Amino acid sequence: MKNERILAIWMDYSKAFLIEFTDKAREIDILEVQPIKNTYGNGLHSYHKDQKRKENRHAFFKKITDKAKAYSHVVLFGPSNAKVALANQWQQEGLFSDQGLEVFTTGRLSETQRCHWVNNHFTPPAVAS
């Protein structure tokens, strides 16, 4: 894994924490979904809410994709199915097909726990002699 650019992304449907791994994990960016703003007076019709939600999710996934393209190995992890939806989108678009892509389910984690999880994933355990 030397010289490989590694990015781990803990995500749900509202936030993505980007964690770069070199010799140890460090959080480098946080991306968030834009809240739906009421631009239709007394309330959004359910169709417009669904459309805005889809547009926001598309924009959110695009931001993540744009950041991830600079890396040779990407790990998606988190509690919701957002990571699976993004991985499926990447697969359909032919992205990261020749690069490493892994998907794992974890719970909600603090920044320290996320970095610890990434370190444990990419650092081989020491072998006792």
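All values derive from a computational prediction rather than experimental measurement.

Rules behind the numbers
Residues numbered from 1 in each chain as written. Predicted model: local features only at pLDDT ≥ 70, side-chain atom pairs only at ≥ 80, totals over all residues. Heavy atoms only, no water. Helix = DSSP H or I, 4+ residues; strand = E, 2+ residues; numbered from the N terminus. Buried < 20%, exposed > 50% of the residue type's maximum accessible area, 1.4 Å probe, protein only. Contact = heavy atoms within 4.5 Å. Areas by Shrake-Rupley, 256 points an atom, 1.4 Å probe, with all protein chains shown as cover. Core = buried A, V, L, I, M, F, W, Y, C linked by side-chain atoms within 4.5 Å. Patch = residues over 30% accessible without salt bridge, like charges linked within 9 Å, V, L, I, M, F, W, Y side chains within 5 Å. Salt bridge = Lys/Arg side-chain N within 4 Å of Asp/Glu carboxyl O.

A word on the overall build of the protein chain
Phase 1 of the analysis: The number of helices and strands found in the protein chain is three helices and five strands.
Phase 2 of the analysis: Looking at the protein chain as a whole, 33% of its 129 residues are labelled buried.
Phase 3 of the analysis: If you take every contact in the protein chain between residues at least 6 apart in sequence, the share linking residues at least 24 apart comes to 63%.
Phase 4 of the analysis: When the accessible area of the protein chain is evaluated, it comes to approximately 8,200 Å², of which 49% is carbon and sulfur surface.

So, the nonpolar core
Phase 1 of the analysis: Ranked by internal contacts, the top residues of the largest apolar core, which has 18 residues, are Ile-9, Met-11, Ala-16, Ile-64, Val-74, Leu-76 and Trp-90.
Phase 2 of the analysis: Counting only elements with at least two residues in this core, the list comes to β1 (6-11), β2 (15-21), α1 (46-68), β4 (73-78) and α2 (82-93).
Phase 3 of the analysis: Those residues in contact with Met-11, other than ones at most four positions away along the chain, are Ala-16, Phe-60, Phe-61, Ile-64, Leu-76, Phe-77, Gly-78, Pro-79, Ser-80, Ala-82, Lys-83 and Leu-86.
Phase 4 of the analysis: Trp-10, Phe-17, Ala-25 and Phe-122 belong to the second-largest nonpolar core, a separate cluster that totals 12 residues.

A few points about a nonpolar patch on the surface
Phase 1 of the analysis: A cluster of nonpolar side chains, namely Val-84, Leu-101 and Val-103, defines an oily patch on the protein surface of about 180 Å² accessible area.
Phase 2 of the analysis: For Val-103, the position within the fold is in strand β5 (residues 100-105).

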